[in-house]
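One letter stands for each residue in the lines below.
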Amino acid sequence: MLLPLLLALISAEPADLGRDLFMHEWVPGDSRSHAGDGLGPVYNAASCVACHPRGGASPEGDIEIITASSVSTGNMNLPNLPGFSYDASFDYDSQGGFSAQFRRPTTRPAVLSPSIADLSRIHPGFRDAPGVVLHRYGNAPAYRGWRSGVVGQHGSIVIRSSRRNPTPLFGVGLIDSIPSSAIEEAARESGGHVSRLPSGKVGRFGWKAQVASLRDFVIQAAAVEMGISTPGHPQSSDPIAPRQDPPGLDLSAEDCDALVSFVGRLPAPLASSPRGIAQFHAVGCARCHRPFLANVGLYSDLSLHRMSGELSDTSSYAAFGSAPPFSASGRGDVVADEEWRTPPLWGVADSAPYMHDGRAGSLDDAIRLHGGEASASARRYRQLSESQRAELLAFLMSLEAPK
Ligand code: HEC
Ligand code: HEC
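Draft legend 1. View of the overall build of the protein. Summing up its helical and strand segments, the protein has 13 helices and 14 strands in all. Within the protein, the proportion of its 403 residues that are buried is 39%. Considering only contacts in the protein between residues 6 or more positions apart, those separated by 24 or more positions represent 71%.

See below:
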């Protein structure tokens, strides 16, 4: 009688369904699920907070999404005449038909574009997208063995993998509130371009600015990262037991509202005293990492910029689900492999590792990896004196995550 009253008094904080869902560790057949199957059948981690601790990025950088995509391919068996080779291009059409064109003799190996039919024998998700999420875990025991063989050579097709670094979630509610027109204007000023989605909307979330709203991202994250089915986004399927629809949804519409609302209320980093910002402007960082976007102190234009080929990676990858969300509609922009959204630098002092795949351990490494449209700026950074460079880095280190 007294105990529940006491407990209610102690936990003065009101129940927050959204927070609970963000922290919840899902298991297969979870009792929290409404009519779904809980965690999986394939997933990367069991909770949002596993990849977004304190709303920030994963500190060890060891939890990541691995995507798989096909690159071109190996050599065909061409007639081996001494002193004679071919420059040949091969094409497969969508039915798996094959055509070859032989041009002048050269020493270049033949390049072949794999057919969708061949690719989807490796992973059914390739039917709908050039890249797929290769999930770390699966509930079915066979998944593990299958997964270990996906990346690598399959006859003449090579599947390569790449990583995606979890983005920090500070202030994402503010990012959601920025008018698209402000992003369009920022893109014109910085010489980048907005990510125009098939729906016509301006994308703003994700490393490729591939998602337009916080709501869409949260719902997709649950379905893709954890195999938690949500209204509006099917959970990822097991590629070796494909298209097995779960009995119902894991999250209700009310759960989704609460989760989106919680994530949208994660605090934004405070604007700090901008000591050393002069160097940031002087070497041209502020062109893309705009200190303010529609009064939000973001240090980003939320637009896409062409970086070096070294940073290139497939522009669209998809979760393999029972109703593919990314099916080729033919509309929207094609984002080049080397194009990336300027990441916001607020909180950057606390969000290592850096860059889309987390390859940079320090801010200095991240800056030195800039190329393409940012190469002039990166060159000027390298030409700064030791003390000027220290001043710029000290400025970045003053951009701390919210406490
Ligand atoms: C396995 C790790 C993992 C899990 C689990 C995970 N995320 Fe993420 N999250 C990522 C990665 C990686 C990205 C960047 C993806 C990209 O852009 O390609 C990301 C990006 C985001 C973004 C976009 C932020 C921005 O500024 O662009 C939001 C919002 C988000 N996640 C919310 C969530 C929520 C809510 C959950 C739980 C339902 C969740 N995530 C679960 C790894 C994860
Ligand atoms: C042409 C636009 C552009 C310019 C100029 C530019 N950047 Fe970037 N910056 C980007 C893009 C795009 C990325 C993401 C690249 C990737 O992930 O592969 C990035 C990434 C970063 C990151 C990593 C952030 C994270 O969360 O991973 C830091 C730090 C950074 N830039 C700092 C700077 C500094 C300092 C300068 C000036 C020397 C600068 N940038 C100039 C576009 C630009």
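Draft legend 2. Inspection of the site of ligand 2 at higher detail. Around ligand 2, the surrounding shell holds 28 residues, and the nearest of these are Cys285, Cys288, Tyr354, His356 and Ala374. Put simply, the parts of the chain that give the shell around ligand 2 at least two residues each are α11 (363-368) and α12 (375-383). Of the residues in the shell around ligand 2, the class split is 18 nonpolar, eight polar and two charged.

Draft legend 3. Seen up close, the environment of Ser398. Within the secondary structure, Ser398 is located in the segment after α13 (386-397). Taking the C-beta count within 10 Å as the criterion, Ser398 has 16 such neighbours and is therefore assigned partly exposed. Taking the C-alpha atoms as reference points, Ser398 and Gly347, 51 residues apart in sequence, are found 8.3 Å from one another.

Draft legend 4. Quick peek at the site of ligand 1. Lining the immediate surroundings of ligand 1 are 27 residues, of which Asn44, Cys48, Cys51, Gly206 and Ala221 lie closest. For the shell around ligand 1, the secondary structure elements donating two or more residues are α3 (48-51), α6 (172-177), α8 (214-226) and α9 (253-264). A per-element tally of the shell around ligand 1 places α8 first, with seven residues. Residues of the shell around ligand 1, tallied by class, amount to 20 nonpolar, four polar and three charged.

Draft legend 5. Summary view of the nonpolar core. Val218, Ala222, Met226, Leu259, Val263 and Trp346 are the most contacted members of the largest nonpolar core, which totals 79 residues. The dominant element in this core, judged by the number of residues it contributes, is α8, at nine residues. The residues that make up this core include at least three from each of domain 1 (18-66 + 167-397) and domain 2 (67-135 + 150-164). Discounting residues that sit within four places of it in the chain, Val263 has contacts with Phe22, Leu169, Val172, Leu214 and Val218.

Draft legend 6. Layout of unusual backbone geometry. Geometrically, the link from Gly40 to Pro41 is a cis peptide bond, its omega value of 20° lying close to zero. With respect to the helices and strands, the residue Pro41 is situated in the loop between α2 (17-23) and β1 (42-43). A cis amide bond links Ala352 to the next residue, Pro353, at an omega of 0°. Considering the arrangement of structural elements, one finds Pro353 in the loop between β14 (339-341) and α11. The phi dihedral of Ala209 falls on the positive side, at around 50°, and the residue is not glycine. Structurally, the position occupied by Ala209 is in the loop between β11 (202-203) and α8. For Ala209, a count of 26 C-beta atoms within 10 Å corresponds to the buried category. Of note in this structure, Tyr299 is not a glycine but carries a positive phi near 60°. Counting through the fold element by element, Tyr299 comes out in the loop between α10 (277-282) and β12 (304-306). With 25 C-beta atoms counted inside 10 Å, the residue Tyr299 sits in the buried group.

Reading guide: rules and limits
- The residue numbering used here restarts from 1 in each chain and proceeds along that chain's sequence as written.
- Whichever chain is written first is A, and whichever ligand is written first is 1; the rest continue in order.
- The predicted nature of this model means local features are confined to residues of pLDDT at least 70 and side-chain atom pairs, given and counted, to a pLDDT of 80 or more, with totals for whole chains, interfaces and linings taken over all residues.
- Helix and strand assignments come from DSSP, with helices taken as H or I runs of at least 4 residues and strands as E runs of at least 2, each series counted from the N terminus.
- Exposure classes come from backbone-placed C-beta atoms, where a residue is buried if 20 or more other C-beta atoms lie within 10 Å of its own, exposed if 12 or fewer do, and partly exposed in between.
- Note that contacts rest on C-beta atoms placed from the backbone: two residues are in contact if these are within 7 Å.
- Whether a residue is near a molecule or strand depends on its C-beta atom, generated from backbone atoms, being within 6 Å of that molecule or strand.
- Residues were grouped as follows: Ala, Val, Leu, Ile, Met, Phe, Trp, Tyr, Cys and Pro as nonpolar; Asp, Glu, Lys and Arg as charged; and all remaining residues, including Gly, as polar.
- One nonpolar core equals one set of buried Ala, Val, Leu, Ile, Met, Phe, Trp, Tyr and Cys residues connected by C-beta atoms within 7 Å.
- For the domain bounds, the source is a domain assignment made automatically or taken from a database.

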